[in-house]
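Notes for the structure review
The chain contents come next:
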Amino acid sequence: EKRTMTLIEKNGYHDSVYINAAKIFQGIHTEKRKDRILVRYGDDSVSPMLTFKDEYSQRVSYELAFNALKYQDLLEEILLDSCVYPCQSIPDELTSLLVVMLYDLQDRKFQAREIFEEEPVAEVRKIEGYLHSFRTKLAAALARCRIKHDALSIEYILPETIRKQEQRASALPLCVWINTYKISLQDVFRDLEKKGFTRVETVSDFDRYTYCVDQHCHDVLVFPSSLKEELLNLDLFADCKLLLQ
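Reading guide: rules and limits
Residues numbered from 1 in each chain as written. Predicted model: local features only at pLDDT ≥ 70, side-chain atom pairs only at ≥ 80, totals over all residues. Heavy atoms only, no water. Salt bridge = Lys/Arg side-chain N within 4 Å of Asp/Glu carboxyl O. Helix = DSSP H or I, 4+ residues; strand = E, 2+ residues; numbered from the N terminus. Buried < 20%, exposed > 50% of the residue type's maximum accessible area, 1.4 Å probe, protein only. Contact = heavy atoms within 4.5 Å.

The tally for this structure, following the rule as stated, stands at 12 salt bridges. Of the charged contacts, one joins aspartate 15 and arginine 125 as a salt bridge, the two residues approaching to 2.9 Å between their closest N and O atoms. Of the two residues, aspartate 15 is situated in helix H2 (residues 15–28) and arginine 125 in helix H6 (residues 122–133); the sequence distance between them amounts to 110 residues. Here aspartate 15 falls in the buried class, since its relative accessible area comes to 1%. For arginine 125, a relative accessible area of 26% translates into the label partly exposed.

All right, on to the environment of lysine 53 then. Inspection of the secondary structure assignment puts lysine 53 in the loop between H2 and helix H3 (55–70). Between the C-alpha atoms of lysine 53 and valine 17, which are 36 residues apart in sequence, the distance is 9.1 Å. In this structure, lysine 53 is in contact with Ser16 and Glu118, ignoring residues within four places of it in sequence.

Looking now at unusual backbone geometry. Residue proline 86 is bonded to the preceding tyrosine 85 through a cis peptide linkage, with omega at 0°. Within the secondary structure, proline 86 is located in the loop between helix H4 (72–81) and helix H5 (95–107). In this structure, aspartate 150 is a non-glycine residue whose phi angle is positive, near 50°. Relative to the assigned elements, aspartate 150 resides in the loop between helix H7 (135–148) and helix H8 (160–171). We classify aspartate 150 as exposed; its relative accessible area is 72%. Here the phi dihedral of cysteine 240 falls at roughly 60°; this positive angle occurs in a residue that is not glycine.

What follows is the structure in structure tokens.
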């Protein structure tokens, strides 16, 4: 189970995740001044209906939307510089989906996504095919942006204040709440041990696959921040037996 979920994360997501991420992004994207609008996002006056298959789908949908928001200026610049946007066959209502899927495509180094066995969503497949057909131009536009900003990766294009905030946040240990309505502490300890995790006394004892129990709240576990992705792919999280605080 864990291996399957990790594979999905590396090779793209289900169509429904892109649709939900696009709906979220539509409601949170940065509105430009009228005299500066080059990319149009259609009408967002109606609150979108979001339907998530499970907690994992909800998490990755929001992560994808907020990553697109974080890099909105860069993604718009790539679309414009590559002449991929505007496109007569793509209405303004699908621009959010275009931006969200472009972020994911560049995050996968412009490699094709694996197609999963589910009901395909026509809009997702349309945007995916369109982006895929221009992936060489898009990759070239991204390279030009990095050269212009003298950036090793897109993270270095972000303002320094945001980068410092992210660095501080990523260095903080992860606090995880045990959902005792669904599982006991001892069962969590046993499950984590089977997965190769070792319980230590304090944060100062942290090594790679280690964790400790919070000294003040015994149904809270603390993990090294570097383990976030691996933790969220555990069955314990998918089943909502552990919850990230």
